[in-house]
Structure formats: structure tokens, C-alpha cells
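Descriptive analysis of the structure
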Amino acid sequence: MERRLAAIVCADVAGYSRMMGADEEGTHATFKAHRTAIYPIILNHGGRLVKNTGDGFLLEFPSIVGAIQAAIAIQALMAERNNHIPADRVMQFRLGIHMGDVMADEDEVFGDDVNIAVRLESVAARGGVAISAKAHGEAGKHLVGVTFVDAGNHRFKNIEQPVHVWTWEPAGSDLQGREPREASTDTSNLAAQYRTAIVGVLPFANLSDSTDEYFSDGLTEDLIHALSLQSFYRVLSRNSTFSFKGKNVSTRLIAREIDATYLIQGSVRRAGTKIRVTAELIAPESGEQLWNGRYDRDIGDLFAMQDEITTSLSAAIAAEIYRAEASAPPRPPSKDLTAWDRFLKGLSHYYRQTKADYEASISLFKEAIALDPALSIARAYLATIMIQGTQFGWIKSTREFWTTAMSLAESSVQLDPRSSFAFSILSYLLAMEGHYEAAMDASKRAVGLNPYDMGARGVLGMCHFMSGEHRQAIELFSMAAQRGNTDPRYQFAATNAFSHYLLRQYDASLSWAREALYSNPNHLQVLTLRAAALAQLGRSEEAATAAEVLLTNYPGLTVERHLRNFHWKNPADIAHYREGLLKARVPSTRLTLVETTKRTANS
């Protein structure tokens, strides 16, 4: 077996499977015509065709300079050819290039350096080229007028060491703009460079009789629609994913074909009058399962049941995508962090839910806004975390503080008027300030923008709560807590605890308070409410202990100081809460001495 130095070029066609699903014969004929047209370029630069790979090919060159020049010439020719065909028939190559020692056996080439070229192809943009730093260093000075961009280090499956990557895209290329509009159902006003995550929903498998196929397809379509109403990521349309229905193709290959960051797949099984739906969210490049869920329902009203499952699925999956994106490295890696990078870094701290992480998160969100004042979602999150910081007792509540938070919420809505999250946080602030009608209007707007957003439903509950309509509030809080309880933006356990207290359902209030304290044992408002509820139940000793824990952690607290930011519409609600706090012997206006040793809510 011969060993030799060589430059390897790997190519594939982006979206090939989707095109084959729409027109197999036409796609294959078009691909063969393109391949014939670019063959002279390969020969003119001293290259040879090692093999065809169905949707691409592998080339070998004796010179890395010749390989890169050939790759750029191929992409230039492809751009010209694509200009003369309909947008839905556009074929775009992604090319990866590396150089190194290869093993040659007859006409084939093997080795790690071949594998690296194959992996690099996945980094290239449509119509672009990705090369290794080794290739760039060797050829860079010989490529006059060709500009490569440093894309940082990438880790690839089965490649032990990270590979430093440089990328090239044709100047002024409009290929991306010529993609069919139906390729995405995205409705976000968020700038394209910020929608880093692309989500594909694969057709749910029907594991029952073929007569139930309509249900699994309908559920898939509903989920695509529900997820597309989020403004944080893009969701691929039905046309992009239904071409894979019934085909035994790996999720990794599917993701590469449709450029998906995350894939959702699932199944539907029917037995008599019951339906079981299973679903999972996966990161296809690594194969990691990020989330899975199972839903068992009685059929009953079929459409109502389907809508309930869709709502539950979209609420759970959306929160997990936020969480996954917060922990993911920047795409592409860069030495100069952008506003979006700062935002995602802040989001990663936010999900840790500690005081130190909240402080870090606030700082990073502010940096993101300074870098890009138009980044609506960073403003909405910053307003959210500021409000929560006061409720947890981590941030001092001042008039200036509330003015700043309101300004952030209002500007978030102005910058992205289609974001249900932006309207939700604006509604919440308006309600907390006592502007009940304006809060209700904003909340209804949020629900209208995204009926599947459980956070928006919960904030609508907060509007009812602030107006003294506690039974309506509990209904909405409970629904939101059940279907969207993994999203830390919304503290539904705490709000449920308050609603039950004001209905004099103290045992239920304590149960919800206990749940809220699991995630944050020193939650100021929940510790305060717990003491009041215990006192109202006549559990004096426990109430005294709860008050001691409260005052040990927040020694400056008094009843009047605590209540001055409560703008509940019904004065009787305020009086009822004050009564419980005073029964628990929380100081009214004058402080009493307590031990300085810190105690937790569970002590």
C-alpha cells in the first residue's frame, strides 16, 4: 500500500435528500450535468476524481494551492449555473479541503487526513469552502485576491485533536437569498445572524393502523407551527422534513441535508380509546438526547386532545432548546465575541439560578445590549432577571430600578413586536406597577401572538391575580406550571402559593411554597409567604421558626417595607397578607435582633 502527500477535497450537495424527495430523476440528472461541467476544472488543476458519493465526490490533488484554486473555480462556476435555473432546483456544493499523508490502495485513498477533509465539508457554507489551518498556512501566500476568514477551532467526531478552520464564501453571493421561502416557517423579527439554532421536526411515526396516519401527520404539522411562533430559533417547514418520511436515514445525515441544529422525532400509538405519543429532542451531530417525553391521553375530543399534546410538547421542547443553546459553544467560534455570544453566555449563567450567576448574567446581558442596542431578546431577559432578582432578595428595589426595567420591556416590544415573550414581560411589569388594564391588554397580545406559550398564559394569570381574581389565576398558573415548568423565566410555584394563600387555602399555599424553595431555598417572597401561611394555620412554633429563617437571611425586613412594592388591586388582599405576617411576628416597622448565623429554608 502506497503512502503519499496529497491535498484532498470533499464535496456534497446541500439539501440533496430534500431535492431527491421532490424529484428523483430531475435531481439526479441535474447533479450529473453539474459534475460533467466541473470535471475540466479538476483536470486543469492537476486533480483526479477518487470516487463519487451519491450526493458529492472526493478529489485528490498533488498541490494544495491547485486544490484550493480548483475549489474556488468550481464554486464560481456553480454560482453562474445556478443563476440560470429555478430557485427550487438550485444546487449548492459545500467543499472541505485538507492536506497530509494518505494511504493509496488502487484508486482509493484512506487515512485521518482524508477523514478531516470529509469533516471540514460540514463546516463550509453553501457555495463556500472550508480548509484546515495546515492547508491555509501552506497555500495562503500563493492565493492572491482570495480572502479566508478565521473560523476558530472545531471538534469533529472520531478526530482526536481540534481542527483550526478557515472559510471562504464568494463575495456578493446571493445564493442563500435564492432559497425557496417555504424552507422555513420562521416569523421572527430577530436578525438572521442571531437565529443560530435551526430546528427540524421529523414526521412522527405512526405505530398503529394506517388509518391513523392522519393523526401522526397532523400532530407533526401542529408542532412545527407551534414551535415556529418562538422568536429564538428558526423552524424548518413541513416540506423540508416530510421528504424523509418512511426512509431509513440517520438523523445525522438528515440534519446535514437540511442544515438543522436540532431534530425532533417521535411516534404515535393508538390502542382503543387511548393515544400514546412519545417524542425526543436530539443534537444530531453528537447523537445526544437532550429531552424526551411521553404523553398518554384518552381520545375524547380528537382536536382538543391533539391541541393539548401539541401545547405540552412545544412548551417542553422550546425550553430545552433555550437551555441547550445557552450551554453550546459559539457558532462559529470566534475570538471576537458578538452581541449574540454575550447574550448566550449570559443565558448560561441565568440557568444556574444562583446569586453570583445572576450578577454575571446581568453584566453579560448589558454587554450584549451595548454591542447591539437592537437585540430585543437581551432586553427582555435583562428586565426578567432584574424583576426576579428583587423577588429573590438579591437586588434592592428602588424607583430607578423599576423605571429601568420598564424601559427595557417597552423597548423590547418596540424592537420585536411579534415576540410573545417581550409582550409577556411588559405585561408583568405593568401588572406589578398597578396598571391592570394595560397589563391585561399586553398579556392578551402575548397569548394571541403565541397561543402555545405557557409563559404568556402564566403572565395572563398574574394579571388576574393582581386584580384579585384568584381562581382564574390559579387555573392559568397551574396549567403553565404543569406544561412549562422547566423554564426559569416563570416562577409559577411561587405565584400559585400566593394565590392559594389569598383564597385562604393555606395547606395548598405551603405545598407550592415548598416546591418553589426546592430550586431557591432563600427566595425572599416565598420565605415571607410561608411564615404567613403557617401563622394563619395556627402552627405558631413553625411560623416562628419560619420567621426566624426569614429574618436571619434578610435582617432588614419589616412588614411595611416588604409590602410597599405590592400593588394589588384589592385592599382586602393586602390586609389579609399583612395579617399573616404580623401573626408570624415579622416586625411591622421596627427591627428586632435575631441570630446572625445563616439558616436555610429547610432548617
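A brief report on the enclosed structure follows. (Residues numbered from 1 in each chain as written. Predicted model: local features only at pLDDT ≥ 70, side-chain atom pairs only at ≥ 80, totals over all residues. Heavy atoms only, no water.)

**Quick notes on the packing of helix 11 (residues 355-371) against helix 12 (residues 376-392)**
Helix-helix packing: each pair is described by the crossing angle between the helix axes and the interaxial distance. Here helix 11 crosses helix 12 at 155°, and the two axes come no closer than 9 Å. The angle between helix 11 and helix 12 places the two elements in the roughly antiparallel class. Crossing hand, helix 11 versus helix 12: left-handed. Residues Tyr358, Ser361, Ile362, Phe365, Lys366, Ala368 and Ile369 of helix 11 touch helix 12, and the partners they reach there are Ala378, Arg379, Tyr381, Leu382, Ile385, Gln388, Gly389 and Phe392. By residue class, the composition of the contact of helix 11 with helix 12 is ten nonpolar, three polar and two charged. (Axes fitted to C-alpha atoms, helices over the stretch in contact; angles between N-to-C directions. Helix = DSSP H or I, 4+ residues; strand = E, 2+ residues; numbered from the N terminus. Parallel < 35°, antiparallel > 145°, perpendicular 65-115°, else oblique. Left-handed = near helix turned anticlockwise from the far one by under 90°. Contact = heavy atoms within 4.5 Å. Nonpolar A, V, L, I, M, F, W, Y, C, P; charged D, E, K, R; others polar.)

**Focus: the side chain of Arg379**
Turning to its location among the elements, Arg379 is positioned in helix 12. The buried charged residue Arg379 lacks any salt bridge partner; its closest oppositely charged side chain belongs to Asp372, at an N-O distance of 7.8 Å. With residues near it in sequence (within four places) discarded, Arg379 still touches Ile369, Pro373, Leu408, Ser411, Ser412 and Leu415. (Buried < 20%, exposed > 50% of the residue type's maximum accessible area, 1.4 Å probe, protein only. Lys, Arg positive; Asp, Glu negative; His and termini not counted. Salt bridge = Lys/Arg side-chain N within 4 Å of Asp/Glu carboxyl O.)

**A few points about helix 2 (residues 24-44)**
Its 21 residues give helix 2 an end-to-end C-alpha distance of 31 Å, which sits within 8% of 30 Å, the value for a rise of 1.5 Å per residue. The largest bend along helix 2 measures about 30° and falls at Ile38, with the proline Pro40 one to four residues further on. What helix 2 keeps buried is the set Gly26, Thr27, Phe31, His34, Ile38, Ile41 and Ile42. Within two residues after helix 2, Gly46 carries a phi angle of roughly 80°, on the positive side. (Expected span 1.5 Å × (residues − 1). Bend = angle between axes of the 7 residues up to and from the residue.)

**Considerations on the pairing of strand 3 (residues 56-61)**
Regular strands show a simple pattern: their side chains alternate between the two faces of the sheet. A large share of strand 3 lies buried, amounting to six of its six residues. Burial of strand 3 is two-sided: the residues Gly56, Leu58 and Glu60 facing one way and the residues Phe57, Leu59 and Phe61 facing the other way are all buried. Between the end of strand 2 (residues 48-52) and the start of strand 3, which pair antiparallel, lie three residues, with Gly54 showing a positive phi angle near 85°. (Pairing = 2+ DSSP bridges.)

**Here we look at the packing of aromatic side chains**
In the structure shown here, the tally under the stated rule is 24 aromatic pairs. Taken together, the ring pairs in this structure connect Trp340, Phe343, Tyr350, Tyr351, Tyr358, Phe365, Tyr381, Phe392, Trp394 and Phe421 into an aromatic cluster. (Phe/Tyr/Trp six-rings, centres within 6.5 Å; stacked < 30°, edge-to-face > 60°.)

**So, the pattern of salt bridges**
Applying the stated rule across the entire model yields 17 salt bridges. Among the salt bridges present, the one from Asp217 reaches Lys245, with a minimum N-O distance of 2.7 Å. Taken together, the residues span a long stretch of sequence, with Asp217 in helix 6 (residues 213-228) and Lys245 in the loop between helix 7 (238-241) and helix 8 (251-258) at a distance of 28 residues. Under the relative-accessibility criterion, Lys245 is labelled partly exposed at 31%. Between Asp296 and Arg276 there is a salt bridge, with the nearest N and O atoms lying 2.7 Å from each other. With Asp296 in strand 14 (residues 288-298) and Arg276 in strand 13 (residues 274-283), the pair connects residues that are 20 residues apart, well separated along the chain.

**Description of the packing of helix 10 (residues 339-350) against helix 11**
At a closest axis distance of 8 Å, the pairing of helix 10 and helix 11 adopts a crossing angle of 165°. Judged by the inter-axis angle, helix 10 sits roughly antiparallel to helix 11. In this structure, the crossing between helix 10 and helix 11 has a hand that is left-handed. Contacts from Ala339, Arg342, Phe343, Lys345, Gly346, Leu347, His349 and Tyr350 of helix 10 reach helix 11 at Asp357, Tyr358, Ala360, Ser361, Leu364, Phe365, Glu367, Ala368 and Leu371. Looking at the contact of helix 10 with helix 11, its residues break down into ten nonpolar, three polar and four charged.

**Looking at helix 13 (residues 399-415)**
Over its 17 residues, helix 13 runs 24 Å from end to end, which matches the ideal 24 Å to within 8%, given 1.5 Å per residue. For helix 13, the full list of buried residues reads Phe401, Trp402, Ala405, Met406, Leu408, Ala409, Ser411, Ser412 and Val413. Buried positions along helix 13 lie against helix 11, helix 12 and helix 14 (420-432).

**Concerning unusual backbone geometry**
Of note in the backbone geometry, Arg504 takes a positive phi value of approximately 65° without being a glycine. Even without being glycine, Arg585 reaches a positive phi, approximately 65°. Assignment of secondary structure puts Arg585 in the segment after helix 23 (571-583). Overall, Arg585 belongs to the exposed group, its relative accessible area being 72%.

**Brief notes about the nonpolar core**
Among the nonpolar cores identified, the biggest contains 132 residues, and Phe204, Tyr233, Leu313, Phe343, Leu347, Tyr381 and Tyr577 are the most heavily contacted of them. Considering every element that reaches this core, the biggest residue donor is helix 9 (residues 302-327), with eleven residues. Among all residues touching Leu347, those that are not within four sequence positions of it are Phe232, Tyr322, Ala326, Phe365 and Tyr381. In this structure, Val13, Ile38, Ala67 and Leu143 belong to the second largest nonpolar core, which totals 34 residues. (Core = buried A, V, L, I, M, F, W, Y, C linked by side-chain atoms within 4.5 Å.)

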